[in-house]
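Descriptive analysis of the structure
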Amino acid sequence: MAGNKGRFWASRPARLLAAALALAVWQLAAALVDNRLLLVGPVRTLAKLCALLPRAEFWSALGFTLSRVALGFLLGFLAALLLAALAARFPAAETLMQPYMAAVRSVPVASFIVMALLWLSGRRLSVFISFLMVLPVLYSSFLQGIRAADGQLLEMARVFRMGAVNRLRGIYAPAFRPYCLSACRAALGLCWKAGVAAEVMAVANRSVGGMLYDAKVYLEISDLFAWTVLLVAVSILFEKVFLWLLDLCMNRAIRWEG
């Protein structure tokens with residue numbers, strides 16, 4: 001009986017039920033507050049979002065933010081992969097990079113945004129901040145994933161003079177895969193939060209962050225909630241698509257025979 005209950009709460013209907021309950025709580029809270037300047041319910045938020053959809057500036061802002069955040073994440077992914085490979089191969093490289101990674105982890109993102117505004121324009125800032133915030137997260141997990149490769153298998157590969165490509169595909173990739181997917185899942189949410197925060201603080205024109213800032217200034221609370229819901233939906237969709245593509249590519253690389 002307990003096992004059946006556990007399976008139910010892990011099922012899709014249970015997750016849909018939880019989402020519906022959360023929306024009901026949100027609507028009830030909005031009704032109790034009864035002040036559109038403080039809290040807007042899901043019904044009014046959805047209506048506002050539908051009103052924004054036909055506008056050209058809506059798609060322009062969404063496309064701008066999506067492209068900048070995606071570029072920052074991809075740059076961070078590639079840089080973390082390269083640095084993790086260097087650190088795994090050369091212990092001195094890991095030691096030299098440690099202070100920088102620790103600094104990025106500990107310094108508040110707002111401090112980096114303010115400092116970066118001295119050198120970068122508001123429209124380029126989100127790329128840099130997205131890159132910077134995901135780099136240490138991905139780097140540490142990628143390094144663990146590389147080091148998780150079975151030492152006995154690597155020794156056997158050396159004895160039988162297995163090529164570098166086959167070692168990567170047959171030994172490193174299977175060990176690296178779960179660390180990579182887990183790190184990307186965590187970093188993608190952080191990337192969106194940091195990138196949009198940079199746009200808000202920089203007041204980047206024709207961006208989602210800029211729209212959020214305008215909604216706050218002009219007390220358009222319905223717009224503020226609509227853009228926030230949009231960000232959540234787009235970030236979830238982007239995460240699922242990226243992780244699906246990444247998992248597909250890694251599986252094909254592991255199974256490829258050449």
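Residues numbered from 1 in each chain as written. Predicted model: local features only at pLDDT ≥ 70, side-chain atom pairs only at ≥ 80, totals over all residues. Heavy atoms only, no water.

1. A closer look at the overall build of the protein
Using the following cut-off: Every helix listed is a DSSP run of H or I at least four residues long, and every strand listed is a run of E at least two residues long, numbered separately from the N terminus. Only protein chains enter the calculation, and the probe is 1.4 Å; a residue is then buried if its accessible area is under 20% of its type maximum, exposed if over 50%, and partly exposed in between. Residues are treated as being in contact if the distance between any of their heavy atoms lies within 4.5 Å. Areas reported as accessible are Shrake-Rupley estimates using a 1.4 Å probe. Residue values count occlusion only from the protein chains shown.
Of regular secondary structure, the protein possesses 11 helices and zero strands. When the backbone C-alpha atoms are referred to their principal axes, the protein occupies close to 70 × 60 × 35 Å. The 258 residues of the protein split such that 36% are buried. Across the protein, the fraction of contacts at a sequence separation of at least 24, relative to all contacts at a separation of at least 6, is 74%. Within the structure as shown, the protein displays about 15,500 Å² of accessible surface, and the carbon and sulfur contribution to it stands at 68%.

2. Things to note about the pattern of salt bridges
Heads up, the condition is: By salt bridge we mean one thing: a side-chain nitrogen of Lys or Arg within 4 Å of a carboxyl oxygen of Asp or Glu.
Tallying each qualifying case throughout the model produces three salt bridges. Across the salt bridge formed by Arg-147 and Glu-94, the nearest N and O atoms sit 2.6 Å from each other. Placement of the pair is Arg-147 in helix H7 (residues 122-147) and Glu-94 in helix H5 (residues 91-106), with a sequence separation of 53 residues. The partly exposed category is assigned to Arg-147, whose relative accessible area is 47%. Arg-177 serves as the salt-bridge partner of Asp-247, at 2.7 Å between the closest nitrogen and oxygen. With Asp-247 in helix H11 (residues 221-255) and Arg-177 in helix H9 (residues 164-202), the pair connects residues that are 70 residues apart, well separated along the chain.

3. A few points about the packing of helix H4 (residues 56-89) against H5
Formally: An axis is simply a line fitted to the C-alpha atoms; with a helix, the fit covers only the stretch in contact. Between two such axes, the angle follows the N-to-C directions and lies from 0 to 180 degrees. Each angle receives one of four descriptions, namely roughly parallel if under 35 degrees, roughly antiparallel if over 145, roughly perpendicular if within 65 to 115, and oblique otherwise. Whether a crossing is left-handed or right-handed is set by the direction in which the near helix is turned from the far one by less than a right angle, anticlockwise for left-handed and clockwise for right-handed.
At a closest axis distance of 6 Å, the pairing of H4 and H5 adopts a crossing angle of 135°. On the basis of their axis angle, the class for H4 and H5 is oblique. Pair H4 / H5 crosses with left-handed handedness. Contact residues: H4 offers Leu-83, Leu-86, Ala-87 and Arg-89, while H5 offers Pro-91, Ala-93, Glu-94, Met-97 and Met-101.

4. Focus on the nonpolar core
Across soluble globular proteins, nonpolar side chains have a tendency to be buried as a group. In plain terms, the rule: Only buried residues count toward a nonpolar core, which is a set of Ala, Val, Leu, Ile, Met, Phe, Trp, Tyr and Cys residues joined through side-chain atoms within 4.5 Å.
With 46 residues, the main nonpolar core has Phe-73, Leu-138, Phe-142, Cys-184 and Trp-227 as its most contacted residues. Those elements giving two or more residues to this core turn out to be helix H3 (42-52), H4, H5, H7, H9, helix H10 (208-217) and H11. The contact partners of Phe-142, leaving out residues within four places of it in the chain, are Phe-77, Ala-80, Leu-81, Ala-84, Phe-176, Cys-180 and Ala-183. Judged by nonpolar contacts, the second largest core, of 11 residues, contains Val-104, Leu-132, Ala-194 and Ala-202.

5. Overview of the confidence of the model for the protein
Convention followed: pLDDT gives the predictor's per-residue confidence on a scale running from 0 to 100.
Averaged over all residues, the pLDDT of the protein is 85; the fraction at 70 or higher stands at 95%. At the low end of the mean pLDDT range in the protein sits helix H1 (residues 2-9), at 58; at the high end sits H4, at 93.

6. Digging into a nonpolar patch on the surface
Inclusion rule: Patches were defined on residues exceeding 30% relative accessible area and lacking a salt bridge, with like-charge contacts within 9 Å and nonpolar side-chain contacts (Val, Leu, Ile, Met, Phe, Trp, Tyr) within 5 Å.
Together, Val-33, Leu-37, Leu-38 and Leu-219 line one region of the surface with nonpolar side chains, adding up to about 400 Å² of accessible area. With respect to the element layout, Leu-38 can be found in the loop between helix H2 (12-33) and H3. Judged by its relative accessible area of 61%, Leu-38 is exposed.

7. Some points on unusual backbone geometry
Look at Arg-206: it is not a glycine, yet its phi comes out positive at around 55°. Along the chain, the position of Arg-206 falls in the loop between H9 and H10.

8. Brief notes about the side chain of Ser-126
Examined against the element boundaries, Ser-126 turns out to sit in helix H7. By relative accessible area, which is 0% here, Ser-126 ends up buried. Every residue in contact with Ser-126, bar those within four places of it in the chain, is listed here: Arg-68, Gly-195, Ala-198 and Glu-199.

9. Quick look at the environment of Arg-185
Relative to the assigned elements, Arg-185 resides in helix H9. Sequence separation of Arg-185 and Leu-138 is 47 residues, and the distance between their C-alpha atoms is 9.9 Å. Excluding its chain neighbours within four sequence positions, the residues that come into contact with Arg-185 are Glu-239 and Leu-243.

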